[in-house]
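Overview (structure and organization)
Now for the letters of each chain:
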Amino acid sequence: MSAISLPLFTVGLDQSKPSPSSSSSASLYSPFSPSRNRFCSSSLHCISSCHVKPARASTSESIHETSTIMFDNNDSSDSTAFIIRARNRIGLLQVITRVFKVLGLQIEKATVEFEGDFFIKKFFVTDSHGRKIEDHESLNRIEKALLEAVTGGNGAASVTPASRGIVVRRAGLVADSGERRAKSERMFHLMDGFLKNDPISLQKDILDHVEYTVARSRFSFDDFEAYQALSHSVRDRLIERWHDTQQYFKRKDPKRLYFLSLEFLMGRSLSNSVINLGIRDEYANALKELGFEFEVLAEQEGDACLGNGGLARLSACQMDSLATLDYPAWGYGLRYQYGLFRQVILDGFQHEQPDYWLNFGNPWEIERVHVSYEVKFYGNVEEETVNGKKCKVWGPGETVEAVAYDNPIPGYGTRNTINLRLWAAKPSGKLDMESYNTGDYINAVVNRQRAETISSILFPDDRSYQGKELRLKQQYFFVSASLQDIIRRFKDSHSSFDDFPEKVALQLNDTHPSIAIAEVMRVLIDEEHLDWNKAWDIVCKIFSFTTHNVISEGLEKIPVDLLGSLLPRHLQIIYEINFKFMEELKKRIGLDYSRLSRMSIVEEGAVKHIRMANLSIVCSHTVDGVSKVHSELLKTRVFKDFYELWPQKFQYKTNGVTQRRWIVVSNPSLCALISKWLRTEAWIRDVDLLSGLQEYSMDANLQQEWRMVKKVNKMRLAEYIEVMSGLKVSVDAMFDVQVKRIHEYKRQFLNILGIIHRYECIKNMEKSERRKVVPRVCIIGGKAAPGYEIAKKIIKLCHAVAEKVNNDTDVGDLLKLVFIPDYNVSIAELVIPGSDLSQHLSTAGHEASGTGSMKFLMNGCLLLATVDGATVEIVEEIGADNMFLFGAKVHEVPALREKGSSLKTPLQFARVVRMVRDGYFGYKDYFKSLCDTVEGGKDFYLLGYDFASYLEAQAAADKAFVDEEKWTRMSILNTAGSARFSSDRTIEEYAEDTWRIEPCKCPL
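Reference entry: report on the structure contained in this document. The model shown is predicted, which means the values in this text are computed figures rather than measured ones.

Moving on to the overall build of the protein. The number of helices and strands found in the protein is 36 helices and 29 strands. Going through the 1004 residues of the protein one by one, you find that 59% of them count as buried. Expressed as a percentage of contacts within the protein between residues at least 6 apart in sequence, the contacts between residues at least 24 apart total 76%. Accessible surface computed for the protein: about 40700 Å², of which carbon and sulfur atoms make up 50%.

Written out as C-alpha cells, the structure reads:
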C-alpha cells in the first residue's frame, strides 16, 4: 500500500461548492451512465453508502485538510484498486475517469462514499490488455496524474482548488467591507464549475440556444436551426477550456509558437470538436431524445474552405496536433469572406462561383471587436530626430483596421484548447467619420469597399498588377496585425526585448508571411528604438521557415516598384538586409558574381524583384523541407548555394495528417474496429500503437470484420455518387480514386488515358474473356485554377470519356468513370474511407510531400504511386510489396527530358492519345492543345515514358484485388504502418528541433 498526502488550502473562498443536486444519489451516476463513450464497453457500478451535506468553510479561516491517493493490488485478483480521498467539487468525478481513459486504462467498477465534504472513491482498473497494473513505474505515473487532477495542477496543492482551472485573486479585488467580500464570493461561486454534459443539461443548453441565440421557438425549429443551437452549445464548452488554457499559459509564461499561414483548410468543426472533447455520444443521445439525429445535424455544416490543397490542410492538421500535444501555440491567418471558389460542372465544363461560406454565419468563431489594430499602407518615409538620434518615420497614405475572429481548437484527451485567430479587414473609423461629416458618402462607401476587399477573396488572380497588389496587401495585412498582437502579448509580461527570442517562436508557413521579417525589423528599430544589430540578432533567433516548393521557378517574387509603393519602409529595410548580407557573403566566397547574383535577395533585371524565399533563408535559423526527397531537392537544386553556405540551417520534417480527423471523425467504423483489436483507445493519441495491428493481419476474424467496414464505407460512397450524378455503381467493384488539385504534374491526364486503354481492351474482348475482368469504378475529383486552361480541359476530357464509357452496354459494370464536383474536406471524409485503390501519379521530383497519400494509407487504402515526395518514406514503413509503384525515379527525370522528341513511347500510349485527338470522345478541336502537351517532344511530365509501367502497376493491382485475403492483409498493414505519417510526430519534431518549445498542459 502506497499513500500520498498533502495539505489543501483555501483563501477566503467557499471551496466545497456543493451542487444543488448533491443531496441526491442520482448525481453520482451520471458520469458512469451506459454508452457514455462509443469506444468503451466497460460496465461501471457506483454505490453511495452515505451522504452528509458538506459544511461551509468560513471565509476567514484556513482549513488544513488532507487528500490522499492510494493504490492496492490485494483488494482484487484481476484489477488494481485506486482509492482517492479528496474534497468534493463539481465535475471532479468526470475528471478522474477522464484521467484513466487518457492513460489507456479501463474502469471495471467503482464505488463512491462520502465523509462530510470529502468523498472516498475507489476505482478498480485494468490496463489495455485487461490485466491488473503491477509495474511500480506505471503505478507512480498514474498516481502523479491523479494527483494533478485532484489538486488542480503540478502535483502541489492549489491555493484555490476550484474545478475550473486556477482562479487567481488579485490584490485589492476584495475590500475590507463585508458587502464587497460577499459580492466577490458570489461571483466566484457562480463561475466555479463547468457546464455539465449529462443528457438533461445538454438538452437544456441546446434549447436555450434555439430560443436565445438562434431566436426561434423551442417548439418549432428545423435541422439547420438545431445545428446552429448545437454548435453554440459545443462552442460554450470550447470557450471554457480555451479560457482556462490561455490563463494557464499566461501564468506559466512558456515560450510560445506563433504559426503564420495565409491558408487554413479547416473543413467542418462539429464532429471534430465533440470527439476531441470526449462528448460525442452524450450529444448524440441528448439529440435523439429531442427527435434529432447527430449525423443529420452534422451534415448541415458547411466547409470552411480558407485554403487550397495540401499546404492549407496541413496547417489545420498541425493545429490539431499542437492542441493535443499541449504545446503553447497560436495560429494566425486571414478570415476570407469568400473561400475557395465553388466548382460547378455544366456540360462537363468547370465554372466557378463564389463560396458564400459566411452567408449563414459561423457559429464556431468569436468576434473580438475590442481586439483590432491599425494596418498601414502607401505613404512616405521621413527622417526625424528623437532623443538626439536619427530615426525613420513612416507616414501612411492609407489605414485599415484588422479585427480579430477567434476559433478555438480543442486537443484530444487534454483540457488544452488553443486559438486560431483570423483577421478581417474593416475601414478605419476615423476616415469613415471624416467622409460622413463632410457629406462625402460615396467616398465613405469606396473606403469601406477598398478596405474589406483585402480579406474578401482567397487567391486573387495575380496575373495583373492589381491582383499582385491585392495579394501583397493580404500578406502584409495579416502579418502586421498578427505581429502587433504577438508583441502586445509579450509586453504585457516583459519589460525588455532581450527575452523575446526565449518567449517567441515565429513559424513561416511557406513564403506568404515572409514580409513579417521586415515588419519585425521595422517595429524594433522605428517604434521600439533598438539599434540595427540588436534588432537583427533578435530576428535571426525567432524565425523558422518551411518551404513547400520543388522548383526555383515556383518561388515567390515581388516587383520592387510594387513593394516600394505599398510598403516603402519595408523596401528600405530589405535593401539594407541585402546589402549587409552581400558584404558578408563576399568575405565568405569572394567575388563570384554569378553566385552572388543567385543568392541576392534583390533580383536584378528589366523589372527588379524581391526574392521572398531568399529573404526567408537569410533571416531564419532553420529552413525545413517537408519530406526526405524534398529536402534533397532543396539541398542539391533549389537552394544549393544556400545549403553550401549554411548546411546547419537545413532540416526536414516529413508532413503528417491527424488520425483524429482522418480516422476517428471520417471513419468511425474503422476506429471502433482498431480499438477493439488493440484493446485500447490510446492509439488515438499515441498513434505508434497502430503497429500492433501487424500481428493480426493474417487473422481471419479481423480480415472479415475489416472487409465489412470497407464495404459499409463503399456503400455510403456509392449512395453519394448516385445522388450526385444519378449513376449506380457496384460496391463489389474496385473503387479506384484520384482526388486532388487538377494540375499537369499531378497527371490526371495519365489516369484518364489509362481508363481509355482499359475501355478499349474491354471493348475488344470476347464475352468469355470479360468475365475475368476486375470491375472498376474510377473516381476523379479536384478543382482547376480559374485561369489554368489545360487543367480545365482535363476535367472536360474526364466527363467526355465518362459519357462514352458509362453508357456503353458492352462494358456495363466492368468500368465506370465518375467525376466528383466541388471536392472539399467533407467530401474527402466520405471518399477516402470508401476507396480501395488510391492513385498518386505526380512526375517524380514534383511533389514536395503528398499528404493525400497519408490519409488513404491510414484508412487501409492501397496506393498506386510514383516514387516521389513522402512515398519514399511510405515504402520504408510498409514495404514495396504492399503498394504498386511505377514510373521514372527522381534522378532519372532530367536525363529523360533532355532526350525530347527522341524519347520512345509505347504504342498503347500513342493509340489512346490518337483516340482523343481524332474526336472519338467528341470535342476534337477543343482537346487538340491538350494532346499537344504530350506529343512532339513536348511531354514535359513524361506521361508517355511512364505509361507502360503504369499499365503494369494497374495489372498488378487487378491481380491482388482478386485475392481477397491478400488484399485485406495489405490493407491492414497499410493502416498499421501509417503511424509515422501522423502530424503528431511532425509537430513533436518541430517542437524539439526547430521551435524549442515544451508542452504546457493545462491541469485537469
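Our focus in this paragraph is the packing of helix 25 (residues 748-763) against helix 27 (residues 789-806). For the pair helix 25 and helix 27, interaxial distance at closest approach is 10 Å and the crossing angle is 15°. As judged from the angle between their axes, helix 25 and helix 27 are roughly parallel. In the crossing of helix 25 with helix 27, the sense of the turn from one axis to the other is left-handed. Contacts from Gln748, Phe749, Ile752, Ile755, Ile756 and Tyr759 in helix 25 reach Ile794, Leu797, Cys798, Val801, Lys804 and Val805 in helix 27. A per-class count over the contact of helix 25 with helix 27 returns 10 nonpolar, one polar and one charged.

Right, let's talk about the nonpolar core for a bit. Within the largest apolar cluster, 177 residues are counted, with the highest numbers of intra-cluster contacts made by Phe377, Trp423 and Phe477. No other element matches helix 12 (residues 465-493), which puts 10 residues into this core. Among all residues touching Phe377, those that are not within four sequence positions of it are Trp394, Pro396, Gly397, Glu398, Val400, Ile454, Lys473, Tyr476, Phe477, Leu566 and Leu567. The next biggest cluster of nonpolar side chains, apart from the first, holds 59 residues, and it includes Ile755, Ile794, Leu864 and Phe921.

Now for the sheet that holds strand 19 (residues 557-559). Across the sheet, which stays open at both edges, the three strands sit in the order 19-21-20 with antiparallel pairing between neighbours. The strands lining the two open edges of the sheet, one partner per strand, are strand 19 and strand 20 (602-603). Sheet topology note: the strand 19/strand 21 (residues 609-611) ladder contains three bridges and is antiparallel. Of the residues in strand 21, the one forming a bridge with Lys557 is Arg611. Across the face of the sheet, helix 19 (residues 612-619) comes into contact with strand 19 and strand 21 while running at roughly 40° to strand 21.

Next up on the list: the packing of aromatic side chains. Summed over the entire model, instances satisfying the criterion amount to 33 aromatic pairs. Aromatic pair Phe581 and Phe642: ring centres 6.3 Å apart, planes at 15°, arrangement stacked. With Phe581 in helix 17 (residues 568-589) and Phe642 in helix 21 (residues 640-645), the pair connects residues that are 61 residues apart, well separated along the chain. Exposure remark for Phe642: the relative accessible area of 3% places this residue in the buried category. Pairwise contacts between aromatic rings join Tyr258, Trp330, Tyr332, Tyr373 and Trp423 into one cluster. Over the aromatic face of Tyr990 sits the side chain of Lys653, whose NZ or CZ is 5.3 Å from the ring centroid. Over the face of the ring belonging to Tyr926 we find Lys793, whose NZ or CZ atom lies 4.9 Å from the ring centre.

For an α-helix, the turn length of 3.6 residues means that residues three or four places apart are oriented alike. For helix 36 (residues 983-995), spanning 13 residues, the distance from its first C-alpha to its last is only 16 Å, which falls clearly below the expected 18 Å at 1.5 Å a residue. Every buried residue of helix 36 is accounted for by Ser983, Asp984, Arg985, Thr986, Ile987, Tyr990, Ala991, Thr994 and Trp995. Residue Ser982 occupies the N-cap position of helix 36, its side-chain oxygen lying 3.1 Å from the main-chain nitrogen of Asp984. Downstream of helix 36 by one or two residues, Arg996 has phi in the positive range, about 55°.

For the rest of this paragraph, the subject is the sheet that holds strand 9 (residues 329-334). As summarised here, the arrangement of the nine strands in space is 12-15-16-9-6-17-18-22-23, forming an open sheet in which the pairing is mixed. The open sheet has two free edges, formed respectively by strand 12 (366-377) and strand 23 (650-652), since each of these has just one partner strand. On average, each strand axis in the sheet is inclined to that of its neighbour by 25°, with strand direction left out of account. Strand direction decides the pairing type here: strand 12 and strand 15 (residues 398-410), joined by nine bridges, are antiparallel. Bridge pairing in strand 15 places Glu367 opposite Tyr405. Contacting strand 17 (504-509) and strand 18 (543-546), helix 15 (residues 532-542) crosses the sheet at an angle of about 40° to strand 18. Against the sheet, helix 20 (residues 628-638) makes contact with strand 22 (622-625) and strand 23, and its axis sits at roughly 160° relative to strand 23, the strand it touches most.

Time to look at a negative patch on the surface. A contiguous patch of negative charge, built from Asp686, Asp688, Glu988, Glu992, Asp993 and Glu998, is present on the exposed surface. Structurally, Asp686 is set in the loop between helix 23 (668-678) and helix 24 (700-725). Overall, Asp686 belongs to the partly exposed group, its relative accessible area being 39%.

Throughout the structure, instances matching the rule amount to 65 salt bridges. Of the charged contacts, one joins Arg522 and Glu527 as a salt bridge, the two residues approaching to 3.0 Å between their closest N and O atoms. Taking the relative accessible area as the measure of exposure, Glu527 reaches 39% and is therefore partly exposed. For Arg911, the salt bridge is made with Glu760, and the minimal N-O distance between the two is 3.1 Å. One end of the pair, Arg911, is in helix 32 (residues 907-917); the other, Glu760, is in helix 25, and 151 residues separate them in sequence. With a relative accessible area of 37%, Arg911 lands in the partly exposed category.

The sheet contact formed by strand 10 (residues 339-346) and strand 11 (residues 349-355) spans six bridges and is antiparallel. From the neighbouring strand, Gly339 faces strand 11, where its bridge partner is Asp355.

The backbone of Tyr378 sits at a positive phi, close to 60°, despite the residue not being glycine. On the secondary structure map, Tyr378 appears in the loop between strand 12 and strand 13 (380-386). For Arg996, which is not glycine, the phi torsion reads 55° and is therefore positive. Position of Arg996 relative to the elements: it lies in the segment after helix 36.

Moving on: the side chain of Gln703. Of note, Gln703 is situated in helix 24. By relative accessible area, which is 3% here, Gln703 ends up buried. At a separation of 2.9 Å, a polar atom in the side chain of Gln703 contacts the main-chain carbonyl oxygen of Ser697.

Turning our eyes to something else, we now look at the packing of helix 4 (residues 199-212) against helix 7 (residues 280-290). Interhelical geometry of helix 4 versus helix 7 gives an angle of 65° and a closest axis separation of 9 Å. In terms of axis orientation, helix 4 runs roughly perpendicular to helix 7. Here the hand of the crossing between helix 4 and helix 7 comes out right-handed. Mapping the contact onto sequence places Pro199, Leu202, Gln203, Ile206 and Leu207 in helix 4 and Glu282, Tyr283, Ala286, Leu287, Glu289 and Leu290 in helix 7. For the contact of helix 4 with helix 7, the class distribution of residues is eight nonpolar, one polar and two charged.

Thresholds applied
- Residues numbered from 1 in each chain as written.
- Predicted model: local features only at pLDDT ≥ 70, side-chain atom pairs only at ≥ 80, totals over all residues.
- Heavy atoms only, no water.
- Helix = DSSP H or I, 4+ residues; strand = E, 2+ residues; numbered from the N terminus.
- Buried < 20%, exposed > 50% of the residue type's maximum accessible area, 1.4 Å probe, protein only.
- Contact = heavy atoms within 4.5 Å.
- Areas by Shrake-Rupley, 256 points an atom, 1.4 Å probe, with all protein chains shown as cover.
- Axes fitted to C-alpha atoms, helices over the stretch in contact; angles between N-to-C directions.
- Parallel < 35°, antiparallel > 145°, perpendicular 65-115°, else oblique.
- Left-handed = near helix turned anticlockwise from the far one by under 90°.
- Nonpolar A, V, L, I, M, F, W, Y, C, P; charged D, E, K, R; others polar.
- Core = buried A, V, L, I, M, F, W, Y, C linked by side-chain atoms within 4.5 Å.
- Pairing = 2+ DSSP bridges.
- Phe/Tyr/Trp six-rings, centres within 6.5 Å; stacked < 30°, edge-to-face > 60°.
- Lys NZ or Arg CZ within 6 Å of the ring centre and 35° of its normal.
- Expected span 1.5 Å × (residues − 1).
- Polar contact = N/O pair within 3.5 Å; in protein donor to acceptor, adjacent residues only side chain to side chain.
- Patch = residues over 30% accessible without salt bridge, like charges linked within 9 Å, V, L, I, M, F, W, Y side chains within 5 Å.
- Salt bridge = Lys/Arg side-chain N within 4 Å of Asp/Glu carboxyl O.
- Lys, Arg positive; Asp, Glu negative; His and termini not counted.
- Charge placed at Lys NZ, Arg CZ, Asp CG, Glu CD.

Keep in mind these values describe shape, not function.
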